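# Analysis of the macromolecular model
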Amino acid sequence: MNTTELLNALPVTTWNHLRVNGAPKEANLPERPESGWGETNTAYELSDGVRCTAVLPQECTGEYSGLGKEADLRIHTEANFSRFFLAEGVSEGITYLREKLDAQHPNAVTHTAIHAKSGSKVTFVQIIQSDPEVEGLSASLTQIAAEPGADVTLVQLQLLSGKSKRYNGVSVKVARDARVKIVRAELGGNIVVTGARAMLGKTAGAFDLSAIYYGDGDSILDFNDVAVHTGRDTHSEMHTAGVLADRCRKTLRGTIDFRRGAVHAVGHESEDVLLFSPEVRHRAAPLILCTEENVEGQHAASAGRLDENVLYYLASRGLDPQQAMRLMVDARFAPVVDQIPDKVLRDLVRASLERRLEHAQILG
Amino acid sequence: MADEVKKTQVEDIDRSFYDFRYEVNASFQTDAGLTPEIVKQISEEKNDPEWMREFRLKSLEIYNRTPLPNWGPSLEGLNMDGIVTYVRPNTEMQAKWADVPDDIKNTFERLGIPEAERASLAGVGAQYDSEVVYHNVKKEVLEQGVVYTDLESALKSDHAERIKEHFMHLVPPTDHKFAALHGAVWSGGSYVYVPKGVSVEIPLQSYFRLNAPGAGQFEHTLIIVEEGAYLHFIEGCSAPKYNVANLHAGCVEIYVGKNARVRYSTIENWSKNMYNLNTKRAVCEAGGTIEWVSGSFGSHTSCLYPMSVLKGEGARMEFTGITFAGNGQDLDTGAQVIHAAPNTSSHIVTKSIAKDGGVSNFRSAVAVTKDAKNSKSAVSCESLMLDERSRSDTIPVMDIACDRVDVGHEAKIGRISEEAVFYLMSRGLTEEDARALIVGGFAEPIAKELPLEYAVEMNNLIHLEMQGSIG
């Protein structure tokens, strides 16, 4: 199926020459091979209170992810692995969704739906990994519906090799007094296209996104996160920290969309980027769209190198520049890494970052 | 009535001050529409040098093959076939107001231009429809070697070669469709040349008035400020309201020399049938500074994003702007900056107010090239929504290709704080006064950047009458 719409399209377009209106063409979702996507190396472990359902819950459909409608449809129809979950009651455990790309299973096109029933509390962790040399594809669509009072946490850890492509669409529907939280770490892949879109349509619904990314080599990173507020007293928090090294090209679009009726809605959004190389390209488009008078919206973005005064201070305390850099990156990523509810996974993420930072040059 | 809960009202800008008109008394005007014949006609009428005639025709070709922008406000209501691109008023350019025909002179008298000239300006240019009808500059400024005249006269002076070297080099006709249109049909506008080291202490001002219904105004302002010089240039514009669309596609090009400084202040108050598709651009050499102060109040639709190219090391840009959109208005404004040299800095501060179904959008672009090491940029935009029928979008973009930078952006959107209203009322203010004070305070950081007479005009423009109770 050919897609005609831009991936990760900016909700309101702007100057074309800035190249932020959508993901670049070279980051398009690859066409399905004639032989199909093959089999996947995918597994899941259910926690108490979570069970699988054979049919896609209708509650999870009707909205689209930040990737866009056409990309969602493609992943939906071409998925070589689909899993639909129903969560009831309060669960202290974690449901793990594991996906590994290897020579025999280089492509995982996965469709996941999470339907959290009223008053439920549940945590899902998606772990996407690959063998170092595999040139694979991980394309996933995750559709979440949180019924009134539900509390859903989705942790996405992407640790692919530098030769794989990653597409990650998340659509979220938040009901009255419900909360959906996404903790996202995109730490691998040579093309990463990610878009989360939350529809806050009911009173006092909340959406939190805490994200980190690390881009190096010649990778392309493209993000499109959107919080649409139509319900009263809805709340969104979208905060991203990132590191760009080598010749990485990154675009982050973050949109808070206050629509009529979103009385007393609050939305905050931020991005903080560390630039480690004079050859990186950092693009950001943090939008606030507003057709409701009674709201509070704020965004902040900053980009730059490590503060030389901080480096100097740390050097005076006996740290070499590489150690100082690690410390500073750790400090930036810690608020997100610390939210990973599993020590083994936290260590996995830290080890991955450690490996990447070893190759980074910070002082030109 | 005590039991009637009224929403807070902020009155529309009182436009009656600007909304007067005279019969069109043109000595020449083209047919409506845009054809090579019309472009040639304008060129002949203006007695263009050959290179300009060719430039116009080439621009028309570019216009014809360039699509309308696929972003920004809708331009559906703009029909170029209905626009008259050239209307020459029935007078030559004069250096004394007494010599200007009564209808035109009365127009500018009512707008307060001659009075402002006497009180606080070093020179004034006044354009009526497509041509400049009055131009005068104080003797002492002329004695400093400053040139301030209409562009048509300058093209025939010893500055002709300099104009040829600079005209539409910063804004080439290929830039966008309306830059191409401007290249094809431009007329009127001002030429300012400030020699090395000269500081023009008192501002120069050009005022643009469009009187003819269904007409376009395409004035070109070319400013060259040499090394170490200083200029404050003020631009004002207005028009009476008609039922047909008018078009303003002017162009401003500013060349800021090494260590020179230019301040460019604008109060835009076109009528609400105007499509204001204006292009402004400045380039700054090493150590140069460009300061934009911009107030956008009028127009049916505006697309206005002054661009600053910081070409030389240590160049600096400041943009301070306010946009007020009321009923039927779609004002898409902001700023662009390109940091193209080391140690450059930019600072963009804007305020947007939207009410009564108006659309007030902020759009910006901050680009930092590979060579712009140790550059700094800060963008801050605040929007105030005065009712739930209006719209205010903030669309900023950063594009950074250099790691040794410090770039920050912050934006806020909100409403009048009930806590602040409550506090002020507890200090004895009525609710109406409290709300007026808060909105006035919101606009104040911009107002204080304006020249005094324009700050007064802005206060006239934002005639904020508040009434009602907490609703």
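Preceding block: the structure.
Figured I'd write up the structure that's included with this text. (Residues numbered from 1 in each chain as written. Chains lettered and ligands numbered in written order. Predicted model: local features only at pLDDT ≥ 70, side-chain atom pairs only at ≥ 80, totals over all residues. Heavy atoms only, no water.)

## Observations concerning the overall build of chain B
For the record, the criterion: Working definition: helices are DSSP H or I runs of at least four residues, strands are E runs of at least two. Numbering for both runs from the N terminus. Three exposure classes are used, based on accessible area relative to the maximum for each residue type with a 1.4 Å probe and protein chains only: buried under 20%, partly exposed in between, and exposed over 50%. Should any heavy atoms of two residues lie within 4.5 Å, those residues are considered in contact. The Shrake-Rupley method, run with a 1.4 Å probe sphere, supplies the accessible areas, and residue values consider only the shown protein chains as cover.
Across its full length, chain B holds 11 helices and 25 strands. Here chain B holds 471 residues, and the buried ones make up 62% of them. Pairs at least 24 residues apart make up 84% of the contacts formed inside chain B by residues separated by at least 6 positions. A total of about 17,200 Å² of accessible surface is found on chain B, and carbon and sulfur atoms cover 48% of it.

## Observations concerning the side chain of Asp257(A)
Residue and element names in this part refer to chain A. Let me state the cut-off plainly: Polar contacts here mean pairs of N or O atoms no more than 3.5 Å apart (in protein, one a potential hydrogen donor and the other a potential acceptor; neighbouring residues in sequence count only if both atoms are side-chain atoms).
Tracing the sequence through the fold places Asp257 in strand β15 (residues 249-258). A distance of 3.0 Å separates a polar atom in the side chain of Asp257 from a polar atom in the side chain of Arg259. Not counting residues up to four positions away in its chain, the partners in contact with Asp257 are Ala227, Val228, His229 and Leu289.

## Considerations on the packing of helix α1 (residues 36-45) of chain B against helix α2 (residues 50-65) of chain B
Residue and element names in this part refer to chain B. Note the following rule: For helices, the axis comes from a line fit to the C-alpha atoms of the stretch in contact; other axes are also lines fit to C-alpha atoms, and the angle between any two N-to-C directions lies between 0 and 180 degrees. An angle counts as roughly parallel when it lies under 35 degrees, as roughly antiparallel when it exceeds 145, as roughly perpendicular when it falls between 65 and 115, and as oblique in every other case. By convention the crossing between two helices is left-handed if the near helix lies anticlockwise of the far one by an angle smaller than a right angle, and right-handed if it lies clockwise. When residues are grouped by polarity, Ala, Val, Leu, Ile, Met, Phe, Trp, Tyr, Cys and Pro land in nonpolar, Asp, Glu, Lys and Arg in charged, and all others, Gly among them, in polar.
Packing of α1 against α2 brings their axes to within 10 Å, and their N-to-C directions diverge by 155 degrees. As summarised for this structure, α1 and α2 are arranged roughly antiparallel, according to the angle between their axes. Classified by chirality, the crossing of α2 by α1 is right-handed. Taking contact as the criterion, the partners of Pro36, Val39, Lys40, Ile42, Ser43 and Glu44 in α1 are, on α2, Arg53, Arg56, Leu57 and Leu60. For the contact of α1 with α2, the residue count by class is five nonpolar, one polar and four charged.

## Considering the interface of chain A and chain B
To be explicit about the condition: By buried area we mean how much accessible surface two parts lose on assembly, using a 1.4 Å probe and totalling the loss over both. Salt bridges are defined as contacts in which a side-chain nitrogen from Lys or Arg sits within 4 Å of a carboxyl oxygen from Asp or Glu. By the convention used here, strands pair only if DSSP detects at least 2 bridges between them.
The interface is formed by 43 residues belonging to chain A together with 41 residues belonging to chain B. Between chain A and chain B the total buried area reaches about 3,500 Å² when both faces are included, carbon and sulfur atoms providing 51% of it. Linking chain A with chain B are five salt bridges. One salt bridge connects Asp399(B) with Arg283(A), and the closest N-O pair in it is separated by 3.5 Å. Going through the elements one at a time, β17 (281-290) and β18 (295-304) of chain A are the ones with two or more residues in the side of chain A that touches chain B. Among the residues forming the side of chain A that touches chain B, the class breakdown is 20 nonpolar, 14 polar and nine charged. Strand direction decides the pairing type here: β17(A) and strand β24 (residues 394-400) of chain B, joined by four bridges, are antiparallel. Bridging across to β24(B), His282(A) finds its partner in Ile400(B).

## Quick notes on the packing of aromatic side chains
Given two aromatic rings, their pairing is described by the distance between the two centres and the angle made by the two planes. Here is the rule: Ring pairs shown here join Phe, Tyr and Trp side chains whose ring centres sit within 6.5 Å, with only the six-membered ring taken for Trp; geometry is labelled stacked below 30 degrees between planes, edge-to-face above 60, and tilted in between. A ring has a charge above it when a Lys NZ or an Arg CZ is no more than 6 Å from the ring centre and no more than 35 degrees off the ring normal.
Counted under the stated rule, the structure contains 14 aromatic pairs over all chains. Note on Tyr44(A) and Phe85(A): the rings are 5.5 Å apart at their centroids and 85 degrees apart in plane angle, and the pair reads as edge-to-face. Taken together, the residues span a long stretch of sequence, with Tyr44(A) in strand β1 (residues 42-45) and Phe85(A) in strand β3 (residues 81-87) at a distance of 41 residues. You can call Phe85(A) buried: its relative accessible area is 0%. A cation over an aromatic ring shows up here: Lys46(B) above the ring of Trp186(B), its NZ or CZ 5.3 Å from the ring centre.

## Some details on helix α3 (residues 102-111) of chain B
Residue and element names in this part refer to chain B. Of the residues making up α3, those classed as buried are Asp103, Ile104, Lys105, Thr107, Phe108 and Leu111. Looking at the packing, one finds that the buried side of α3 touches β2 (87-89), α4 (113-120), β3 (123-128), β4 (131-137), β7 (204-209) and β10 (230-238). One or two positions beyond α3, positive phi appears at Gly112, with a value near 80 degrees.

## So, the nonpolar core
Cut-off, in case you're wondering: Here, nonpolar core means buried Ala, Val, Leu, Ile, Met, Phe, Trp, Tyr and Cys residues that are tied together by side-chain atoms lying within 4.5 Å of each other.
Formed by 94 residues in total, the largest nonpolar core has its most connected members in Phe207(A) and Ile254(B). Leave out the neighbours within four places in its chain, and Ile254(B) touches Leu170(B), Ile223(B), Val262(B), Tyr264(B), Arg281(B), Ala282(B), Val283(B), Ile290(B) and Trp292(B).

## Regarding α1(B)
Residues and elements named next belong to chain B. Applied cut-off: Picture the helix axis, draw a direction to every C-beta atom, and the arc is the one those directions span.
Of all the positions in α1, only Ile38, Val39, Ile42 and Ser43 are classed as buried. The buried residues of α1 occupy an angular sector of 140 degrees when projected down its axis, which confines them to one face. Exposed and oriented more than 90 degrees from the buried face of α1 are Glu37 and Glu44. Where the residues of α1 are buried, they touch α2 and α8 (177-185).

## Comments concerning the pairing of strand β9 (residues 165-174) of chain A
Residues in a regular strand project their side chains so that they alternate between the two faces of the sheet. All names here are of chain A. By the criterion of burial, β9 is predominantly enclosed, with eight of the 10 residues buried. With 10 bridges connecting them, strand β7 (residues 137-146) and β9 associate as parallel partners. For Ala139, the partnering residue across the bridge sits in β9 and is Tyr167. With 10 bridges joining them, β9 and strand β11 (residues 191-200) adopt parallel strand pairing. Residue Val172 lies in a different strand from β11, and its bridge partner there is Ala198.

Shape descriptors only; they carry no functional weight alone.
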